[in-house]
Amino acid sequence: MASSHSSSPVPQGSSSDVFFKKEVDPAKHIRPVQSLPDVCPKEPTGDSNSICVAPSLVTDQHRWTIYHSKVNLPAALNDPRLAKRESDFFTKTWGLDFVDTEVIPSFYLPQISKEHFTVYQQEISQREKIHERCKNICPPKDTFDRTLLHTHDKSRTDLEQVPKIFMKPDFALDDSLTFNSVLPWSHFNTAGGKGNRDAASSKLLQEKLSHYLDIVEVNIAHQISLRSEAFFHAMTSQHELQDYLKKTSQAVKMLRDKIAQIDKVMCEGSLHILRLALTRNNCVKVYNKLKLMATVHQTQPTVQVLLSTSEFVGALDLIATTQEVLQQELQGIHSFRHLGSQLCELEKLIDKMMVAEFSTYSHSDLNRPLEDDCQILEEERLVSLVFGLLKQRKLSFLEIYSEEMIITAKNIIKQCVINKVSQIEELDTDAVMKLADQMRMLNFPQWFDLLTDIFSKFIVFLQRVKATLNVIHSVVLSVLDKNQRTRELEISQQKNAAKDNSLDTEVAYLIHDGIFISDAFSESELTPIAVDTASQRNASPNSEPCSSDSVSEPECTTDSSSSKEQIPSSATPGGVDIMVNEDMKLTDLELGKLANNTQELLYSASDICHDRAVKFLMARAKDGFLEKLNSTEFITLSRLMETFIFDTEQICGRKSMSLLGALQSQASKFVNRFHEERKTKLSLLLDNERWKQADVPAEFQDLVDSLSDGKIALPEKKSGATEERKPAEVLIVEGQQYAVVGTVLLLIRIILEYCQCVDNIPSVTTDMLTRLSDLLKYFNSRSCQLVLGAGALQVVGLKTITTKNLALSSRCLQLIVHYIPVIRAHFEARLQPKQYSMLRHFDHITKDYHDHIAEISAKLVAIMDNLFDKLLSKYEVKAPVPSTCFRNICKQMAKMHEAMIDLLPEEQIQMLFLRINASYKLHLKKQLSHLNVINDGGPQNGLVTADVAFYTGNLQALKGLKDLDLNMAEIWEQKR
């Protein structure tokens, strides 16, 4: 039963109770413990100041206690000081000041589950079965008599008089519907002169409600009376309970005295030592914190000093270290609440300063005099800038360098042109204002010197760019290598940590003031180390907290960063040491992409130089200057450009195609002009050729002799020896004599010029092969038109095409055919394997030339065939012997032999006369058959035999035809 009482304060430990309460200074204010409100204030509650801190039932047994409280049930249920009735029976009488709080479960009470009752259930199960069996056998007796039943029915009848609305669990008068049903407003309406009646009805309502209250109280009292035996039993057991409590109180007092003595003897000293150790640690921490604050306070002035000397990396490291300290060790310091944002703004300013500084450095590096031997300008400054930009993830600095390269390349060409134009006095710079027009007024030697100077300046420019980009590439690779090693170290540390976690560790549970005692000892042991670290980190007030050379040292790092591994170092190609910091937050993908971009930027530098060179060439080629160059000049220009292309490829590692494309374009134009000039020259030579044997100058013989050594090259002119040597009648080629016309001699020289051009300009090999094939085809077709087609009669004005002209033409064609394999081998050695299919042109040309030679031979045979047909058709078998017909035939044969003996070799003459002899025998046999002359030994047979013998003797008497097998027996028809 909750009853009205005056609760004593919460028990407080004595001064010796160190486990419950620390020693407190008496001067400090202690909040008094409020007592619970009393329902019956008239009862003596006692003075709160006189209550002992530790309650004792022995000393307080004669004083008024809660057990002296006597109050009726309605007073316990109806507290007049409460605004409404509380639902909790035990706490509704405790007053308005009571705040219900959740009771924290005790750590010393075990959690009770069903498993705790398993043993008990097993022991009682047998008894429960016996009890249930007895209940079934002996049913319970009706303990209620009829009087009690009658009383119960009467109580139920009385309760039925109370309206059901009062019995509802959600009954509340603050509900408007409930209030109107309980207290109708009609009973309180005084209008219309009905005041007396309403007052009577209000009184009746009050009496009705009082009646309902009495019924409820009577029923409650009846229920209490039914349980009076339990109340009386509880009252009788109070005396025994008081005896037990007295003994318990005495035992508790003795226990407390012993605990107090143990605490004083064994615990107070040790705990006091622990408190002093904790206090000392706290003082050291505060001291170190103040020194750290002093160091952080000097951050901004130090950053300004570093920026004044362009030490961007040192300033960024100092800002990063300071921000780390602010976030970890000085978090929550009110005086530094704005320092973080100020450092962020300062960091943004440094970003802009670094970008501007890199732009300035790029301009200074690329625009310094090219005569300077130093390839890298202030390498340490470049390394510092690149590190700072990488640290701040400003990866667009390569674009700045690329833009500066384009501007520098333009300026190099412009400055070279200005210098060259200013050196030439013949140019009137006042009349021609534009620099491009002044450049176009230069002749080839002057312009060639200008181009050579530009190319040399571009080579130096590319070497400087390569050196600078190599430094940047080295820095990027150093950072990438550091990231990979850091990742490997983290993986190894994780493996070691996993091994350490598998070991069993002891945890100290003894806690004092919220701190593990084991931690207090460990902190006291680590205190000297912390002091030393703090003293190293915090410099004296007169010295600078950090500098660019000591950013990574302990005085500029936090305690959390003091355990970082040693920073690795590498070196740039120039020998500058690279110290990689820990704060690089770039990923391997970003660093790899940046390294590739650095290499691509070097390729881009080569492309820029080639593009500017192409524009320079195109500016000079506007008036057709390059197309007007002779072979020597163009070859010189081509070699210069090829050398520049090769040098840039060696520097940058990749061949740029723009200048090569421009060279090929100009080379194609040159090849077209070269071919058209020589084709026109050959056409003029053929149109004026009279197809007579020409003398061979000594220089052409030397030219042919050089070809016999396997080298196709134009020999150098010898000024003195050439004038003394006389021209030869024939051209000697590998021991064979070739009687040629002057056009063929010049054609051989032209062919060698084609081959020499291929050696000088390898890029035009395929074009030259095509053009040379066209030239050889043109000579073959044009010579055929002029000689076989008798075109020389109209073009040159020859009276007739003689056998000597035909033989000379055939010999010239044979000379060209002799050199076609040599030309083919020369081009084959300079073609790519995939281009060998173009060599089929020489096969076609060789076939065409052989066909032409065969046609000439057929033409010579046809001439004699016509002669035989004309003469032998008039042949008559009669005296004299030899006949006139055979005399004329032999005369013509001798003339033909005389015309060709000095032109064609002996073998060809024999083959030709064999074919002529076959034609002769055919016509003679036909005529003898027509005359019915047979080989019968008669007179006609004798005459024919004499004429044939005369023909045979004369033919074999000719030079080179002595051993010719004429087989004249074929002239006679076989006997049937």
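For clarity, every value in this text was computed on a predicted model and none was experimentally measured. (Residues numbered from 1 in each chain as written. Predicted model: local features only at pLDDT ≥ 70, side-chain atom pairs only at ≥ 80, totals over all residues. Heavy atoms only, no water.)

A. Representation of the overall build of the protein in the model. Across its full length, the protein holds 28 helices and 6 strands. Sorting the 976 residues of the protein into buried and exposed places 36% on the buried side. Within the protein, counting contacts between residues at least 6 apart in sequence, those at least 24 apart form 78% of the total. (Helix = DSSP H or I, 4+ residues; strand = E, 2+ residues; numbered from the N terminus. Buried < 20%, exposed > 50% of the residue type's maximum accessible area, 1.4 Å probe, protein only. Contact = heavy atoms within 4.5 Å.)

B. The arrangement of the pattern of salt bridges in detail. This structure, assessed with the given rule, holds 12 salt bridges. With a closest N to O distance of 3.0 Å, Arg 673 and Glu 677 form a salt bridge. With Arg 673 and Glu 677 both in helix H18 (residues 658–688) and 4 residues apart, the pair spans about one turn of that helix. Between Asp 687 and Arg 782 there is a salt bridge; the shortest N-O distance is 2.7 Å. On the criterion of sequence distance, the pair formed by Asp 687 in helix H18 and Arg 782 in helix H22 (residues 765–788) is long-range, its members being 95 residues apart. Using a relative accessible area of 21% as the deciding quantity, one classes Asp 687 as partly exposed. A relative accessible area of 18% means that Arg 782 is categorised as buried. Each of Arg 673, Glu 677, Arg 678 and Glu 753 takes part in one network of salt bridges that share partners. (Salt bridge = Lys/Arg side-chain N within 4 Å of Asp/Glu carboxyl O.)

C. Looking closely at empty space enclosed by the protein. Applying the stated criterion to the full structure yields 2 cavities of 30 Å³ or more. Here the second largest cavity is characterised by a volume of approximately 80 Å³. What lines the second largest cavity is simply Leu 707, Ile 712, Ile 748, Ile 751, Leu 752, Cys 755, Ile 816, Tyr 819, Val 822 and Ile 823. Listing elements by their share of the lining of the second largest cavity, those giving two or more residues are helix H21 (742–760) and helix H24 (803–828). (1 Å grid on protein atoms, 1.4 Å probe; cavity = no way out; pocket = protein on both sides within 12 Å on 5 of 7 lines; lining within 4 Å. Points joined across faces, edges and corners; volume = space filled by probe spheres on them.)

D. Local environment of H21. The end-to-end C-alpha distance of H21 is 27 Å, a good match for the 27 Å that 19 residues give at a rise of 1.5 Å each. The buried fraction of H21 is high, at 14 of 19 residues. (Expected span 1.5 Å × (residues − 1).)

E. How the structure looks around a nonpolar patch on the surface. Nonpolar side chains collect at one region of the surface, where Leu 159, Met 167, Val 216, Ile 220, Ile 224 and Phe 231 lie side by side and expose about 460 Å² of accessible area between them. Looking at the nonpolar patch, the element that brings in the most residues is helix H5 (residues 195–226), giving 3 residues. Structurally, the position occupied by Ile 220 is in helix H5. We classify Ile 220 as partly exposed; its relative accessible area is 33%. (Patch = residues over 30% accessible without salt bridge, like charges linked within 9 Å, V, L, I, M, F, W, Y side chains within 5 Å. Areas by Shrake-Rupley, 256 points an atom, 1.4 Å probe, with all protein chains shown as cover.)

F. Here's a closer look at the packing of helix H16 (residues 588–620) against H18. For the pair H16 and H18, the least separation of the axes is 7 Å and the interaxial angle reads 30 degrees. In terms of their interaxial angle, H16 and H18 are classed as roughly parallel. Between H16 and H18, the residues in contact are Asp 607, His 610, Asp 611, Ala 613, Val 614, Leu 617 and Met 618 and Ser 658, Leu 659, Ala 662 and Gln 666, respectively. Here the contact of H16 with H18 is built from residues that sort into 6 nonpolar, 3 polar and 2 charged. (Axes fitted to C-alpha atoms, helices over the stretch in contact; angles between N-to-C directions. Parallel < 35°, antiparallel > 145°, perpendicular 65-115°, else oblique. Nonpolar A, V, L, I, M, F, W, Y, C, P; charged D, E, K, R; others polar.)

G. Looking closely at unusual backbone geometry. A cis amide bond, omega 5 degrees, links Ala 879 with the succeeding residue Pro 880. Of note, Pro 880 is situated in the loop between helix H25 (840–872) and helix H26 (884–900). With an omega of -5 degrees, the peptide bond running from Val 881 to Pro 882 counts as cis. On the secondary structure map, Pro 882 appears in the loop between H25 and H26. Its identity as a non-glycine residue notwithstanding, Trp 691 has a phi of 55 degrees, on the positive side. Relative to the helices and strands, Trp 691 is located in the loop between H18 and helix H19 (698–708). Classification of Trp 691 by relative accessible area gives buried; the value is 3%. One non-glycine residue with positive phi stands out, namely Asn 932, at about 60 degrees. Secondary-structure assignment places Asn 932 in the loop between helix H27 (906–931) and helix H28 (939–956).

H. How the structure looks around the nonpolar core. In terms of nonpolar packing, the biggest core is built from 199 residues, with Trp 447, Ile 816, Phe 827 and Tyr 920 touching the most fellow members. With 20 residues, the single largest contributor to this core is helix H14 (residues 444–501). Not counting residues within four places of it along the chain, the set of residues in contact with Trp 447 comprises Met 439, Leu 442, Phe 616, Leu 617, Arg 620, Phe 625, Leu 626 and Leu 637. (Core = buried A, V, L, I, M, F, W, Y, C linked by side-chain atoms within 4.5 Å.)

I. Here's a closer look at the packing of aromatic side chains. This structure, assessed with the given rule, holds 14 aromatic pairs. Judged by centre distance (4.2 Å) and plane angle (10 degrees), the rings of Phe 455 and Phe 644 are stacked. Of this pair, Phe 455 sits in helix H14 while Phe 644 is found in helix H17 (residues 631–652), placing the two residues 189 residues apart along the sequence. Side by side, Phe 455 and Phe 644 carry an identical accessibility label, which is buried. Relative to Tyr 754, the ring of Phe 674 has its centre 5.0 Å away and its plane inclined at 75 degrees; by these criteria the two rings are edge-to-face. Highlighted residues: Phe 674 in helix H18 and Tyr 754 in helix H21, separated in sequence by 80 residues. Under the relative-accessibility criterion, Phe 674 is labelled buried at 3%. Through a chain of ring-to-ring contacts, the aromatic side chains of Phe 868, Tyr 875, Phe 886, Tyr 920 and Tyr 951 assemble into a single cluster. Arg 811 extends its terminal NZ or CZ atom over the ring of Tyr 738, reaching a point 3.8 Å from the ring centre. (Phe/Tyr/Trp six-rings, centres within 6.5 Å; stacked < 30°, edge-to-face > 60°. Lys NZ or Arg CZ within 6 Å of the ring centre and 35° of its normal.)

J. Inspection of the packing of H18 against H22 at higher detail. Where H18 meets H22, the axes come as close as 10 Å, and the angle between the chain directions of the two elements is 15 degrees. The angle between H18 and H22 places the two elements in the roughly parallel class. The way H18 lies across H22 gives a crossing that is right-handed. The segment H18 lies against H22, with Ser 668, Val 671, Asn 672, Phe 674, His 675, Arg 678, Lys 679, Leu 682, Ser 683, Leu 686 and Asp 687 engaging Asp 767, Met 768, Arg 771, Asp 774, Leu 775, Tyr 778, Phe 779, Arg 782 and Leu 786. In terms of residue class, the contact of H18 with H22 is made up of 9 nonpolar, 4 polar and 7 charged. (Left-handed = near helix turned anticlockwise from the far one by under 90°.)

K. The arrangement of helix H8 (residues 299–308) in detail. All buried positions along H8 are accounted for by Thr 299, Thr 302, Val 303, Leu 306 and Leu 307. Each buried residue of H8 sits inside an arc of 135 degrees when the element is viewed along its axis, so together they form one side. If you follow the buried residues of H8, they end up packed against helix H7 (238–297), helix H9 (312–328) and helix H10 (339–367). (Arc of directions from axis to C-beta.)

L. Layout of the confidence of the model for the protein. When pLDDT is averaged along the protein, the result is 75, and 75% of the positions lie at 70 or above. Low pLDDT, under 50, characterises residues 1–54; the predicted model gives this stretch 55 contacts beyond four residues in sequence or across chains. Note that residues 503–568 has pLDDT below 50 and, in this model, 93 contacts with residues that lie over four places away or in other chains. (pLDDT = per-residue confidence, 0-100.)

M. Representation of the side chain of Thr 952. As for its position among the elements, Thr 952 is in helix H28. Since its relative accessible area comes to 16%, Thr 952 is described here as buried.

N. Highlighting the environment of Val 933. Within the element layout of this structure, Val 933 appears in the loop between H27 and H28. The buried category is assigned to Val 933, whose relative accessible area is 7%. Residues Val 933 and Val 944, spaced 11 residues apart in sequence, show a C-alpha to C-alpha distance of 8.6 Å. Excluding residues that lie within four positions of it along the chain, Val 933 makes contacts with Val 877, Leu 928, Gln 940, Asn 941, Val 944 and Trp 972.

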